[in-house]
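In case you want the letters, here they are:
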Amino acid sequence: MSLMARFTTLLSAKANKILDAADDPDADMDLSYQKMMTSLQETKAHLADVIAEQVTLEHQMADHQAAIDRHDSDAHIAMKAGREDLARMALADKEAEIHKLAPIQASCEHVKQQAEKLKQYEHKLEQKIEEFRTEKESLKAEHHAAEAELKVDQQLAGIGKGLGGVEDTIQRARDKTHAMSAKAEAMERMMNDGTIHDPLDHRSQSEHEIEKLHDTSEIDDQLAKLRAEMGQSAPAAAPSAADPAKP
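Residues numbered from 1 in each chain as written. Predicted model: local features only at pLDDT ≥ 70, side-chain atom pairs only at ≥ 80, totals over all residues. Heavy atoms only, no water.

Q: What is the right way to look at the overall build of the protein chain in this model?
A: Summing up its helical and strand segments, the protein chain has five helices and zero strands in all. If you list the helices and strands of the protein chain from N to C, you get α-α-α-α-α. Counting across all 247 residues of the protein chain, residues that qualify as buried make up 13%. Considering only residue pairs separated by 6 or more positions, the protein chain has 68% of its internal contacts joining residues 24 or more positions apart. (Helix = DSSP H or I, 4+ residues; strand = E, 2+ residues; numbered from the N terminus. Buried < 20%, exposed > 50% of the residue type's maximum accessible area, 1.4 Å probe, protein only. Contact = heavy atoms within 4.5 Å.)

So, in structure tokens, the structure goes:
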């Protein structure tokens, strides 16, 4: 492989690795979950600000209501004392406090509605997050199982690193074994033919041939004995090519 081809292959492998990481569903789901949690925290912070504003308005309302009650009490005391002028002044102050209280009450009611909407939104968001978390964990488990199954299948198919090249290794071992067997058989034949000699066997070539004749004669004697025991005659010898055919 040329240097340029190797460089191209390396770049392709790195690019595929980056793409695989970008398509990682676990990372995508974790990122989405984190975004939802961030949104929930922002909602809680906003709700806290709204409730704080509501509490401030309620305190102002309580102060104005207390002033109204005080001016009303002063008006009653002044009238009992025959001081209508003081009663009129107390009632005027009371009316002024009532006018101040009205817009605060309206603002407080609006803030209460905002707080209620935020509470409902917070509750729904928490439910959505919990549902997403449960689904996320289930999908991650399924994804990991599918990934593990794929890796096992790749290993069994010889694609992965674990069993990659196993078939070639087996074939090489098989070829080597056959070659060694063939070589051993050839050596045995050569030793039997006398082409090569056993270094531990000090017999001559003629002694080897005589031993073969002895082995053949012994087999012939055993066959003759079996024929005699079974009442069979020796088979007729096949005519050689040199003998003329009988009419």
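Q: Please clarify how helix α2 (residues 25-80) should be interpreted in this entry.
A: Residues three or four positions apart in an α-helix share a direction because the helix packs 3.6 residues into each turn. With 56 residues, α2 should reach 82 Å at 1.5 Å per residue; the first-to-last C-alpha distance of 82 Å fits that figure. Two residues or fewer after α2 comes G82, characterised by a positive phi angle close to 75°. (Expected span 1.5 Å × (residues − 1).)

Q: So what exactly am I meant to see when it comes to the nonpolar core here?
A: Across soluble globular proteins, you tend to see nonpolar side chains buried next to one another. With eight residues, the main nonpolar core is built from L47, V50, L57, I104, C108, V111, A115 and L118. Of all the secondary-structure elements, those providing two or more residues to this core are α2 and α3 (84-156). When residues in this core are grouped by element, the largest group, five residues, is from α3. Once residues within four sequence positions are removed from consideration, L57 is found in contact with I104, S107, C108 and V111. (Core = buried A, V, L, I, M, F, W, Y, C linked by side-chain atoms within 4.5 Å.)

Q: Would you explain the packing of aromatic side chains in this entry?
A: To describe a pair of aromatic rings, one takes the distance between the centres and the angle between the planes. Applying the stated criterion across every chain yields a total of one aromatic pair. When the ring centre of Y33 is taken as origin, the NZ or CZ atom of K136, which lies over that ring, is 5.0 Å away. (Phe/Tyr/Trp six-rings, centres within 6.5 Å; stacked < 30°, edge-to-face > 60°. Lys NZ or Arg CZ within 6 Å of the ring centre and 35° of its normal.)

Q: Please clarify how the confidence of the model for the protein chain should be interpreted in this entry.
A: Low pLDDT marks regions whose predicted coordinates should not be analysed in detail. When pLDDT is averaged along the protein chain, the result is 78; 70% of the residues meet or exceed 70. Of all secondary-structure elements in the protein chain, the lowest mean pLDDT belongs to helix α1 (residues 3-22), at 52, while α2 reaches the highest, 91. (pLDDT = per-residue confidence, 0-100.)

Q: Sorry if this is basic, but what is going on with the side chain of Q54 here?
A: If you trace the backbone, Q54 turns up in helix α2. Those residues in contact with Q54 that lie beyond four places of it in its chain are C108, V111, K112 and A115.

Q: Looking at this structure, how should I read the pattern of salt bridges?
A: Two side chains bearing opposite charge may form a pair once their charged atoms approach each other closely. Enumeration according to the criterion identifies eight salt bridges in this entry. For K44, the salt bridge is made with E122, and the minimal N-O distance between the two is 2.5 Å. On the criterion of sequence distance, the pair formed by K44 in helix α2 and E122 in helix α3 is long-range, its members being 78 residues apart. Look at the salt bridges and you will find they share partners, linking D30, K136, E137 and K140 into a network. (Salt bridge = Lys/Arg side-chain N within 4 Å of Asp/Glu carboxyl O.)

Q: So what exactly am I meant to see when it comes to the side chain of E97 here?
A: As for its position among the elements, E97 is in helix α3. One buried charged side chain, E97, makes no salt bridge at all; its nearest oppositely charged neighbour is K100, positioned 4.1 Å away. In this view, E97 contacts H64, A67, I68 and H71; residues no more than four positions away in its chain are not counted. (Lys, Arg positive; Asp, Glu negative; His and termini not counted.)

Q: Would you mind going over a nonpolar patch on the surface with me for this structure?
A: There is a patch of nonpolar side chains on the surface, built from I219, L223 and L226 and spanning about 270 Å² of accessible area. Looking at where I219 falls in the secondary structure, it is placed in helix α5 (residues 205-230). (Patch = residues over 30% accessible without salt bridge, like charges linked within 9 Å, V, L, I, M, F, W, Y side chains within 5 Å. Areas by Shrake-Rupley, 256 points an atom, 1.4 Å probe, with all protein chains shown as cover.)

Q: Sorry if this is basic, but what is going on with the environment of K44 here?
A: Since its relative accessible area comes to 30%, K44 is described here as partly exposed. When the C-alpha atoms of K44 and L118 are compared, they prove to be 8.3 Å apart, with 74 residues separating the residues in sequence. In this view, K44 contacts E122 and E126; residues no more than four positions away in its chain are not counted. Among the polar contacts made by the side chain of K44, one reaches the side chain of E122 at a distance of 2.5 Å. (Polar contact = N/O pair within 3.5 Å; in protein donor to acceptor, adjacent residues only side chain to side chain.)

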